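Residue strings, one per chain:
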Amino acid sequence: PLNGEGLAARHFGWSTLLVDLAAEQAAAKPRHGDRYVRGMSDGRRPPSPRADRVLPGVWRLRLPLPWPGVPHGNAWAVTANDGIVLFDTGIGGEGTARLEQALAQAGFGLADVRLVACTHAHADHYGLAGPIIEASGCELWIHPAWEHVRAMVEDPEAALEQRIEVARQSGVPPAALREYEQRRRGQNPGIDALVPPDRELLPGVEVKTDLGSWQVHETPGHAPSHVCFHQPERGLLISGDHLLGRISLFYDYGHTPDPVGEFLAGLDEIAPLDAELCLSGHGRPFRDVAAKIAATRAEAEAQLARVRRSLADGPKPAFETVPDLVGTEDLDPATAAWGLQIALAYLDHLALAGEATRTEDGDSVRWALN
């Protein structure tokens, strides 16, 4: 049966397969129509940390990332109680120097952080929670599903082996798997410490700042732990990676039965909100939030349709749907890795809808339309 327990056993650890190289690349890679176009992965050095005041009392902390195609991610500093609430943290692995540099440009230091509130537990949003809390003595608030990153941090070698096995069953060529293993083994996961929450971010919880209280909205799909924060009086939305200025989709696959369905339900969750300005996890703030929600939904539906059409050719492993999903003209190792992970999520979504069937064929897994 296709259920949460079975999926967790079947795909344990898959969720971080090339998250650092492919999934987050998708979050910022420029687009042409509904296809990815190359660029932003030319080996240029990532930008220096920077603080930009977006509104009185709100700073965008633009923090460098080590991933091709994704030069930076955002944390958001909002004044509160003679200090700041820090929404997201930046990636771990190299200490807090870059975060401190950005904070200093806004006139703050780590000691001024009164609370860390994370949109989700991916490395570039949660990775520095441990050092920040140690330096400031503040609390951490995050959704109770944050432990989807535990395996990657506690036993990265076992998680890597399991990811490779799932990729092999999905039809990834052996040479590509060997190259991936050589590149990944021994790499830092980007999360400095597994820090449990002092308070769990659930509906009804409010984060108090000088701009007013921010309400919590559950928006899983991109990650099981994902939430958005809404400040209704000022029409502000901190969206993490659920809604981005450059429309891009990534589903943290393998933890729940249907991350695609969860993601679409999350769009329903934020659609009624009075949000005039979106502060996202990557890229600049943007307006016309309602139009961006609609366009994001349309892209998800278009990608699902491409996977469905790919299966019309006959039964195939998940990896063989990736050229139809991504487009052969845009297929490279990074887009293929991103494409496989979201293809698997779309295939499970089709299976749960009764449109497709998963069958094991020896050591491989094949999918077919019903």
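It should be noted that the structure appears before, not after, this text.
Everything in this summary refers to the structure shown in the same document. (Residues numbered from 1 in each chain as written. Predicted model: local features only at pLDDT ≥ 70, side-chain atom pairs only at ≥ 80, totals over all residues. Heavy atoms only, no water.)

### Regarding the overall build of the chain
Then step 1. From N to C terminus, the chain includes 12 helices and 16 strands.
Then step 2. Per-residue burial for the chain yields a buried fraction of 56% across its 370 residues.
Then step 3. The contacts in the chain between residues at least 6 apart in sequence include a share of 67% that link residues at least 24 apart.
Then step 4. Counting every atom, the chain has about 14500 Å² of accessible surface; 50% of that belongs to carbon and sulfur. (Helix = DSSP H or I, 4+ residues; strand = E, 2+ residues; numbered from the N terminus. Buried < 20%, exposed > 50% of the residue type's maximum accessible area, 1.4 Å probe, protein only. Contact = heavy atoms within 4.5 Å. Areas by Shrake-Rupley, 256 points an atom, 1.4 Å probe, with all protein chains shown as cover.)

### Considerations on the packing of helix H9 (residues 259–270) against helix H12 (residues 333–352)
A packed helix pair is summarised by two numbers, namely the angle formed by the two axes and the spacing between the axes.
Then step 1. Across the interface, H9 lies against H12 with an axial gap of 7 Å and an inter-helix angle of 90°. On the basis of their axis angle, the class for H9 and H12 is roughly perpendicular. Residues Pro 259, Val 260 and Gly 261 of H9 form the contact with H12, whose own contacting residues are Ala 345, Tyr 346 and His 349.
Then step 2. Its residues assigned to classes, the contact of H9 with H12 comprises 4 nonpolar, 2 polar and no charged. (Axes fitted to C-alpha atoms, helices over the stretch in contact; angles between N-to-C directions. Parallel < 35°, antiparallel > 145°, perpendicular 65-115°, else oblique. Nonpolar A, V, L, I, M, F, W, Y, C, P; charged D, E, K, R; others polar.)

### Details of the side chain of His 122
Then step 1. With respect to the helices, strands and loops of the structure, His 122 is situated in the loop between strand S7 (113–117) and helix H4 (123–126).
Then step 2. In this structure the side chain of His 122 is engaged in a polar contact, spanning 3.3 Å, whose partner is the side chain of His 222. (Polar contact = N/O pair within 3.5 Å; in protein donor to acceptor, adjacent residues only side chain to side chain.)

### Examining unusual backbone geometry
Then step 1. The phi dihedral of Asp 82 is positive, around 60°, even though this residue is not glycine.
Then step 2. A relative accessible area of 77% means that Asp 82 is categorised as exposed.

### Some thoughts on empty space enclosed by the protein
Then step 1. According to the stated counting rule, one finds 5 cavities of 30 Å³ or more in the structure shown.
Then step 2. For the largest cavity, the calculated volume is near 80 Å³.
Then step 3. The wall of the largest cavity is formed by Met 152, Pro 156, Glu 157, Ala 159, Leu 160, Arg 163, Arg 184, Arg 185, Gly 186, Gln 187, Asn 188 and Pro 189.
Then step 4. With 5 residues, the top contributor of residues to the lining of the largest cavity is helix H7 (residues 156–169).
Then step 5. When the residues that make up the lining of the largest cavity are grouped by side-chain class, the tally is 5 nonpolar, 3 polar and 4 charged. (1 Å grid on protein atoms, 1.4 Å probe; cavity = no way out; pocket = protein on both sides within 12 Å on 5 of 7 lines; lining within 4 Å. Points joined across faces, edges and corners; volume = space filled by probe spheres on them.)

### Details of the sheet that holds strand S6 (residues 83–87)
Then step 1. Here we have 7 strands laid out as an open sheet, ordered S3-S4-S5-S6-S7-S8-S9, and mixed in their pairing. A single partner strand is all that each edge strand has here, and the edge strands are strand S3 (50–55) and strand S9 (199–200).
Then step 2. With 5 bridges joining them, S3 and strand S4 (residues 58–67) adopt antiparallel strand pairing. When the bridges of S4 are listed, Leu 55 appears paired with Val 58.
Then step 3. Lying on the sheet, helix H3 (residues 97–105) is in contact with S3, S4 and S6; it crosses S4 at an angle near 155°.
Then step 4. Contacts from helix H5 (residues 129–136) reach S6, S7 and strand S8 (139–142) within the one sheet, and its direction differs from that of S7 by about 155°. (Pairing = 2+ DSSP bridges.)

### Regarding the pattern of salt bridges
Then step 1. In the structure shown here, the tally under the stated rule is 14 salt bridges.
Then step 2. Between Arg 185 and Glu 181 there is a salt bridge whose closest N-O contact spans 2.4 Å.
Then step 3. Relative accessible area serves as the criterion here: at 33%, Arg 185 is assigned to the partly exposed category.
Then step 4. Through salt bridges with shared partners, a single ionic network connects Glu 157, Glu 161, Glu 181 and Arg 185. (Salt bridge = Lys/Arg side-chain N within 4 Å of Asp/Glu carboxyl O.)

### Quick look at the sheet that holds strand S14 (residues 277–280)
Then step 1. Strand order in this open sheet of 5 strands is S10-S11-S12-S13-S14, and the pairing throughout is mixed. Of all the strands in the sheet, the pair left with one neighbour each is strand S10 (206–209) and S14. Taken over all neighbouring pairs, the strand axes of this sheet differ in orientation by 25° on average, direction set aside.

### Quick notes on the nonpolar core
Then step 1. Within the largest apolar cluster, 45 residues are counted, with the highest numbers of intra-cluster contacts made by Leu 237, Leu 243, Tyr 251 and Tyr 346.
Then step 2. Contributions of two or more residues to this core are made by H7, helix H8 (174–184), H9, helix H10 (289–311), helix H11 (322–326), H12 and strand S16 (364–369).
Then step 3. Among the elements that line this core, the one with the most residues is H12, at 10 residues.
Then step 4. In this view, Tyr 251 contacts Gly 221, His 222, Pro 259, Val 260, Phe 263, Ala 300, Gln 341, Ile 342, Ala 345 and Tyr 346; residues no more than four positions away in its chain are not counted.
Then step 5. Leu 65, Ile 84, Val 116 and Leu 128 belong to the second-largest nonpolar core, a separate cluster that totals 36 residues. (Core = buried A, V, L, I, M, F, W, Y, C linked by side-chain atoms within 4.5 Å.)

### Comments concerning the packing of aromatic side chains
Then step 1. The full count for this structure, using the stated rule, is 6 aromatic pairs.
Then step 2. Plain terms: the ring middles of Phe 87 and Trp 214 are 5.4 Å apart, the flat faces sit at 50° to each other, and that makes the pair tilted. Pair noted here: Phe 87 is in strand S6 and Trp 214 is in strand S11 (residues 212–218), with a separation of 127 residues, a long-range link. Each member of the pair, Phe 87 together with Trp 214, is buried.
Then step 3. Here Phe 87 and Phe 229 contribute two aromatic rings whose centre-to-centre distance is 4.9 Å and whose plane-to-plane angle is 65°, an arrangement assigned as edge-to-face. With Phe 87 in strand S6 and Phe 229 in strand S12 (residues 227–231), this pair connects stretches of sequence that are 142 residues apart. Each member of the pair Phe 87 and Phe 229 is classed as buried.
Then step 4. One aromatic cluster is present, built from ring pairs that chain together Phe 87, Trp 214 and Phe 229.
Then step 5. One Lys or Arg, Arg 199, reaches over the ring of Trp 141 and ends 5.2 Å from the middle of that ring.
Then step 6. One Lys or Arg, Lys 292, reaches over the ring of Phe 286 and ends 5.5 Å from the middle of that ring. (Phe/Tyr/Trp six-rings, centres within 6.5 Å; stacked < 30°, edge-to-face > 60°. Lys NZ or Arg CZ within 6 Å of the ring centre and 35° of its normal.)

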